[in-house]
Amino acid sequence: MNILFIMYDQLRFDYLSCAGHPHLHTPNFDRVAAMGVRFTNAYVQSPICGGSRMCYYTGRYASSHGAHWNKFPLRVGEHTLGDHLRKIGMSCHLIGKTHMKADAEGMARLGLDPDSVIGVRTSECGFDPWVRDDGLWAQGPDGFYDDKTSPYNEYLKSKGYDGENPWADYANAGIRDGQIASGWMFDNTDLPANIREEDSETPWLTGEAIRFIDQAEGPWCAHLSYIKPHWPYIVPEPYASMYGPEHVAPANRDAGERDDAHPVFDAFMNGPVGRAFSDDEVRAKVIPAYMGLIKQCDDQLGRLLDHLEATGQMQSTMIVLTSDHGDYLGDHWLGEKNLFHEPSVKVPMIVYDPRGHADGTRGTTSEALVESIDIAATFIEAAGGTVPDHIVEGRSLMPWLRGETPDWRDYVISEYDFSAQPPAARFGLAPRDCRLFMVFDGRYKLMHCASDTMRPMLFDLQDDPEEHVDLAKTDTHVDVIARLTGHLHDWGLRMSQRTTISEADIAASRGASLAKGVLPFLKDGTEVEARLTEKYRGPVRQNHLPD
């Protein structure tokens, strides 16, 4: 069996028709959901691109692997999905984005050649890259945001698009009065991108995936990691005209959220992104473009599924659809992601297993509390391996796919490090104190800050599914806060760094030193089996004592 691991960037859990969106029809996401299981309570372990992806790729929490933020290097030596799968005979490939920054200092310390096979894998989250493109080819006075060469830009140039950065000039810009109208500016997001639709980012990456599949020899895992619907929010025709302001739902926000708000929440609400998305004119332009990008993603998923069907590979390919985080889009007076409200930290998660043991769960949903780190464990088991639970902290979803009801977790965790963000300087906090933790037990959601100068936040999603009322503003729920803080304490005591030896290896090693002659603290030797002292008994062969 092969595995097609598809990730969309910044795709909200509720912007699919199978998840109940009233206007956005996504028949191909629905098609996979009808073939598999849709997990309706899936949460990422960090609501930021880089941190979240490193959790997916390692199967470990952000505080375990340490790469909390974009461009925080993933340290040399972290086991990744590719390492685990290759060990059991499955190759692992990248098509698209990882947002990973290599630990160049660590590689140099160990003498790893970046151009060697192991050097490339260490630099690419353990993947063998078919094509790596992180999709953010921003360019300013100090040069490009990404210092790599853009494969997508090279593709556009081969298609006749001119200039140094056609990603910015064409794929992510429209035309207004004969001038480039950049998608970076929200006023331009209602314009169609000035690019042939078939040359835009999502079709290009789908084509790369099909090229990979057609030459691949299994068993393989391919991580197809799309760049969209992440901003810049601009899309080519026909998608630019599919949706308008009439399809934009009112923002899920309440004036009471601003009263006595948690300091970090308040800082983001009143930051530039929050202020922009609090403007309904901005939302009326951005959200239709965002929906168009998702519709294009759905159409390209259909193209990919049709290719698997036509080539007879649908019945031998596990498919997973998910996202690295969501997008506030003005909910809770916020844009982007960053905090732990549902639009940000909850993601779509659809898993199709073609094998017969999953026949009984096709087209079903599961309300189990799922973490993104469960994907790595799922793939290892699906490929025939045993999950090394001293390394991988997630849990395999295979029992749910088989229709079983396993003993499962009682809560999910997410972490966010805002040390690189403006609020950190505003509060005068040391980077180590700029860490936020979410604990969610299926009803109550707690946000805890590492700094003891800040109170928590608490929401009751049973009575307040919109997450408008922060119950931690008063002392009426101290028992709930104490219980959830206890979960966080228990989670903090997990064994996360003993990754070089498994529990089974430790158990098997008990007493092994006795059989190799290490016999301390014996009175006369009768305390142990005679065979263990055999090497230390017998007649003297030579006498070297003084006369």
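Please read these numbers as outputs of a predicted model, since none were measured by experiment.

### Here's the deal with the sheet that holds strand 17 (residues 435-440)
In step 1: In space, the four strands of this open sheet follow the order 16-17-18-19, with antiparallel pairing throughout. Taken across any chain shown, the strands that pair with only one partner, and hence form the sheet edges, are strand 16 (412-417) and strand 19 (457-460). Along the sheet, successive strands turn relative to each other by an average axial angle of 15°, direction set aside.
In step 2: Bridging between strand 16 and strand 17 involves six bridges; their strand directions are antiparallel. Bridge pairing links Glu-415 to Phe-437 in strand 17.
In step 3: Packing of helix 17 (residues 478-492) onto the sheet brings it into contact with strand 16, strand 17, strand 18 (444-449) and strand 19, and relative to strand 18 it is tilted by some 65°.

### Thoughts on the packing of aromatic side chains
How two aromatic rings sit relative to each other is given by the distance of their centres and the angle of their planes.
In step 1: Within this structure, the stated rule accounts for 24 aromatic pairs.
In step 2: Measuring from ring centre to ring centre gives 5.1 Å for Tyr-8 and Tyr-226, while their planes differ by 10°; the resulting arrangement is stacked. With Tyr-8 in strand 1 (residues 2-8) and Tyr-226 in the loop between strand 10 (220-225) and helix 10 (263-269), the pair connects residues that are 218 residues apart, well separated along the chain. An identical accessibility class is assigned to Tyr-8 and Tyr-226; each is buried.
In step 3: With 6.2 Å between their ring centres and 70° between their planes, Tyr-233 and Tyr-290 make a pair best called edge-to-face. Note that Tyr-233 is positioned in the loop between strand 10 and helix 10 and Tyr-290 in helix 12 (residues 280-310), a separation of 57 residues in sequence.

### Digging into the environment of Leu-488
In step 1: Counting through the fold element by element, Leu-488 comes out in helix 17.
In step 2: With a relative accessible area of 11%, Leu-488 lands in the buried category.
In step 3: In the structure, Leu-488 is positioned 51 residues away from Phe-437 in sequence and 8.2 Å away in space, judged by C-alpha atoms.
In step 4: Not counting residues up to four positions away in its chain, the partners in contact with Leu-488 are Ile-413, Phe-437, Val-439 and His-448.

### Description of the environment of Leu-94
In step 1: Position of Leu-94 among the secondary structure elements: in strand 4 (residues 91-96).
In step 2: Expressed as a C-alpha distance, the spacing of Leu-94 and Gly-36, which sit 58 residues apart in the sequence, is 23 Å.
In step 3: When near neighbours in sequence (up to four residues on either side) are disregarded, Leu-94 contacts Glu-124, Phe-127, Asp-128, Pro-129, Trp-130, Val-131, Arg-132 and His-223.

Definitions and cut-offs
Residues numbered from 1 in each chain as written. Predicted model: local features only at pLDDT ≥ 70, side-chain atom pairs only at ≥ 80, totals over all residues. Heavy atoms only, no water. Pairing = 2+ DSSP bridges. Helix = DSSP H or I, 4+ residues; strand = E, 2+ residues; numbered from the N terminus. Axes fitted to C-alpha atoms, helices over the stretch in contact; angles between N-to-C directions. Contact = heavy atoms within 4.5 Å. Phe/Tyr/Trp six-rings, centres within 6.5 Å; stacked < 30°, edge-to-face > 60°. Buried < 20%, exposed > 50% of the residue type's maximum accessible area, 1.4 Å probe, protein only.

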